[in-house]
Structure formats: structure tokens, C-alpha cells
Amino acid sequence: MTNIFKVFIILTLTDCIVQLNVNYNQNIFIVNHIPKKEENIKMNKKLSIVMPALNEEETIGICIDKAHTACKNMDIEYEIIIADNGSTDNTAKIAEEKDAKVVYQPIKGYGAAYMKGFKEARGKYIIMGDADDSYDFLNIKPFVNKLDEGYDLVMGNRFGGGIEKGAMPWPHKYIGNPILTFILNFLFKAKISDTHCGMRGLRKDLIPKLSLKTTGMEFASEMVIKAIQANSGITEIPIELKSDGRSRKPHLRSFRDAWRHMRFMLLYTPLNLFIVPGFIMFLLGLIIVGILLGGPLHVGEKIIGYHTLILGSLLSILGYQLIIQGLTIRAYTLSRNLLSQKTFADKFIDRFTLEKGLIVGTLIFLIGFIPELRILITWIKQNFSGLTKLSPAIFGLTFITLGVQTIFSSFFISSFKIKSLY
Ligand SMILES: Nc1nc2c(ncn2[C@@H]2O[C@H](COP(=O)(O)OP(=O)(O)OP(=O)(O)O)[C@@H](O)[C@H]2O)c(=O)[nH]1
Ligand SMILES: [Mg+2]
């Protein structure tokens, strides 16, 4: 069980490291993808409408037309930006003909396209949304109103405004979106009804605070999570989702992109997800092992014996494993500068050194090794005859495992710390 879990976490981390390294090489981590305040981008518009578009020639025109109409009706200074990264059809040509500004992003992906679009935006406010005509750009005034009220991020809520029949596949509507929304709200203590809605409004000056990094569809989660962590003013408005107007398949790939969202959330929440439950399990396990160290416990007629002791041992090892995984992920995300919020686990990682880890690991190992050694000596003394030292043996086994885990994990965590120095 522990091993399966380990393999799962290692695969996840490896996948992330590979992905992030690829991104790193492609300069995704250069924060100046996102303009900072001091870069003095001229903000001469009230509103920038940014749409990412990849081969959307069937619908880009209608989306732009609707956006023009809405902005003219509101009588505000605006611009429409289409962020393209590799369309092979007439998307860019149509957009230019319709008086939109087309910006090109050499790096693939939904998030990468948005980063480029945001960088070029000169509006005080940004409205973002798909270019597949599933969101109604005629109806963006409520977003602007909420931004005028002072909110930093205005989320669309498709579940509140209505989803046209066939606009969202039922597994997304009843399984994927609700589950991902629930998990995000649970992990990040938020109350957002539709965390993956693609239509949103935001203040341009929120963007540098978020330091957005992801290039794929998980960008949608990253933006919400970081806005929550930055204590931004977030609100939502009901919006309608229509069936998109295109004949080809969506770019979204259900399982791949759901996993990318999940993976991002996991990377951001080792504290809630790993360390807290791990600590509870570890403590409970240690209490059980401590109580039963002297042998089975008699409670009236009932006996709490070796099976419970084994359970205690299992809980303490698994719990400890979870704590270490949480700290490892935290150390990794810190070394990549992915986190915007500090927690007490970060202080621990700051003070952690390999030497300290090795000393603590050895001490824990010895706590387990000494009783095992005594059992071995007893066994030799009684000429290798049958042994009945089950309680101290399980106690020893537990602590030897914890000690060895500490030693090896110390090397792993400290390797992230070395990386972060250079
Ligand atoms: N520039 C660019 N745009 C992209 C890329 N991937 C998706 N988009 C655009 O992002 C928007 C959302 O993509 P969709 O394929 O509609 O994904 P979705 O809305 O999450 O999924 P559905 O609800 O199934 O439509 C569309 O306007 C796409 O053209 C990309 O790699 N580059
Ligand atoms: Mg769409």
C-alpha cells in the first residue's frame, strides 16, 4: 500500500518536474511574460477583451462581433485581443479583418496563449473567454459592473445561469466540474460555484500579483487558486453556456485536463492534503504502539492485542510517509518558486538541513534497533528456540522503518534545497 502510494507520488512529481523543466527551458518561468506594474504598460483603455483561439475560424468572427456590439453599447474605450499560438486556419485573418488585435505566442497551450494576451492588454479591466461562441460576449456588462464595484476577479457561473442542452457533456456537468469545484473549494477554503468557468473578468493589476506560470488548461485553476491565496476580492455572476458553434472537437481532453487541474491542486496543498491527515494518523499510530508495547491490554473480558498493535504500526508508518511526502512536495514547489503563500511547513523546510535530518533519522532508527538487538541476543542465549517478543519486535520494526524513511527523505528534500540556491 505504502509502495503503491509512493510510486503514485513519485510518478506525479516526476511528471511535474519533467513538465516544469520543459516549460523552464522554453522560458515559461520568465515572469516578465506577465507585465508588472512598474513596466509601465500604457493603460489607455478601460476594457481589454482577451480570447485565446486555436483554429476557431468558424466562430471567432461571431465572438468578435458580439464583443464589439457589447462594448459600443456600454460606450467605453476597449480593445479586442486574440491570442493565437499556431492556428493553421483563417482564425488570425478573420480576427484582423474584424478589427481585433492578434498576438502570437510561440509556446503552445491555453495558459500560454492567455499570458501573451494579458501581457499585451492595455485595459484597466480584462474580460476573458473562449472563442468558440459558447459564452455570450454580448452580455459582458455585469462583469464590468462588478469590477467597477471594486472586485478583483469576477467568475462566471454556468451552473447558476443555465447550460443549454448539449453544451456541456454530462460527465463534465455532473461529475468532472462538480468534483473539481468541490475539491478546489475544500482545499483552498473558497465558495466558488463554478471554478472552471472560462469566462471571467479581472482587474489588470491583479495579474502581477498572481505570478501565473502554467501553460495548459490548468491555468484556469491556477488563476483562481492564486487569487484566493492573494486574498483578492472575488465574486461571481450567473452566465449562460451555449453549445459552441464549431463543428470540430473541443481542444479540452477530459481526462488529461482534469488530471492537470488535479495535479496542480495537489502540488499546491500538501499541507491540507498530506501533512494534516498524516499527522493525525501518525499520532494515533504512535499512541497505539506506545500503549501496547508492554503486551496485550485486558479491558474487562476483551483483549486488545497484537492485531491492534500491527494496526498502530501501520498507521504510524503511513502517517509519517504522508508527512514526508507533504514536506517533499512543499520543498519542490518552494524551490520552483511556485508558491505565493507561506505556511509553517515552509519554516520547517527553511531550517531543515541534511545533517539535521540524518541525525534525527539515526536516532529514530536506534530507538527501533535497540529492542530488536535485545531480542536477537535473547534468541541466541536461549539457543534459537521459539520467541514470544512480538510487542517489542513490532515496536522496533516501526521505528526502524521511520528512521530509514527519515534518512532517505532527508537526502531527497535537501536536493531541492541545493537546486534552489543556484
Ligand atoms: N491560442 C490557443 N488557444 C487555445 C488553445 N487550447 C484551447 N484554446 C482556446 O481556448 C478556448 C477554450 O478551448 P475549448 O476547446 O473550447 O475548451 P473548453 O471550453 O474548456 O472545453 P469545452 O467546454 O468542451 O468546449 C477556445 O477558444 C480555444 O480555441 C491553445 O493551445 N492555444
Ligand atoms: Mg469552450
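In short, a report on the structure. Since we're looking at a predicted model, the values are computed, not measured.

## A closer look at the site of ligand 1
In the vicinity of ligand 1 there are 21 residues, among which Pro52, Ala113, Pro250, His251 and Leu252 approach most closely. Breaking the shell around ligand 1 down by element, the ones donating at least two residues are β1 (45-53), β2 (78-84) and α4 (110-120). Considering each element in turn, the shell around ligand 1 owes the most residues, three residues, to β1. Looking at side-chain class alone, the shell around ligand 1 contains ten nonpolar, five polar and six charged residues.

## So, the nonpolar core
In this structure, Ile49, Val50, Ile82 and Tyr114 are the most contacted members of the largest nonpolar core, which totals 95 residues. Formed jointly, this core draws a minimum of three residues from each of two domains, domain 1 (27-267) and domain 2 (269-421). Among residues more than four places away in sequence, those in contact with Ile49 are Ala67, Tyr78, Ile80, Ile81, Ile127 and Phe137.

## What about the packing of helix α9 (residues 219-229) against helix α10 (residues 254-268)?
Contact geometry of α9 with α10 gives a least axis separation of 9 Å together with a crossing angle of 30 degrees. By the angle between their axes, α9 is roughly parallel relative to α10. Where α9 crosses over α10, the handedness of that crossing is right-handed. Contact with α9, carried on its side by Ser221, Glu222 and Ile225, involves His261, Phe264, Met265 and Tyr268 of α10 and no other residues of that element. For the contact of α9 with α10, the residue count by class is four nonpolar, two polar and one charged.

## Quick look at the environment of Phe279
Within the fold, Phe279 resides in helix α11 (residues 270-291). Phe279 sits in the partly exposed class, given 15 other C-beta atoms within 10 Å. Separated by 42 residues in sequence, Phe279 and Gln321 have C-alpha atoms that sit 9.6 Å apart. For Phe279, the contacting residues outside a window of four places in its chain are Gly319 and Ile323.

## A short note on helix α7 (residues 170-188)
For α7, built from 19 residues, the straight-helix expectation of 27 Å at 1.5 Å per residue is met to within 8% by its first-to-last C-alpha distance of 26 Å. The largest bend along α7 measures about 30 degrees and falls at Gly176, with the proline Pro178 one to four residues further on. Gly176, Asn177, Leu180, Leu184 and Phe188 are the residues of α7 that are buried. Residues of α7 that are buried make contact with α9 and α10.

## Describing the sheet that holds β2
Strands sit in the order β3-β2-β1-β4-β6-β5-β7 across an open sheet of seven strands; the sheet is mixed. Looking at strand neighbours, the two that pair on one side only are β3 (101-104) and β7 (234-238), the edges of this open sheet. In this sheet, adjacent strand axes meet at a mean angle of 25 degrees when their direction is disregarded. Bridge analysis of strand β5 (residues 153-157) against β7 gives five bridges, and the strand direction is parallel. Residue pairing across strands places Met155 opposite Glu236, the latter belonging to β7.

So, how was this worked out
Residues numbered from 1 in each chain as written. Chains lettered and ligands numbered in written order. Predicted model: local features only at pLDDT ≥ 70, side-chain atom pairs only at ≥ 80, totals over all residues. Near = placed C-beta within 6 Å. Helix = DSSP H or I, 4+ residues; strand = E, 2+ residues; numbered from the N terminus. Nonpolar A, V, L, I, M, F, W, Y, C, P; charged D, E, K, R; others polar. Core = buried A, V, L, I, M, F, W, Y, C linked by C-beta atoms within 7 Å. Buried ≥ 20, exposed ≤ 12 C-beta atoms within 10 Å, placed from the backbone. Domains from an automatic or database assignment. Contact = placed C-beta atoms within 7 Å. Axes fitted to C-alpha atoms, helices over the stretch in contact; angles between N-to-C directions. Parallel < 35°, antiparallel > 145°, perpendicular 65-115°, else oblique. Left-handed = near helix turned anticlockwise from the far one by under 90°. Expected span 1.5 Å × (residues − 1). Bend = angle between axes of the 7 residues up to and from the residue. Pairing = 2+ DSSP bridges.

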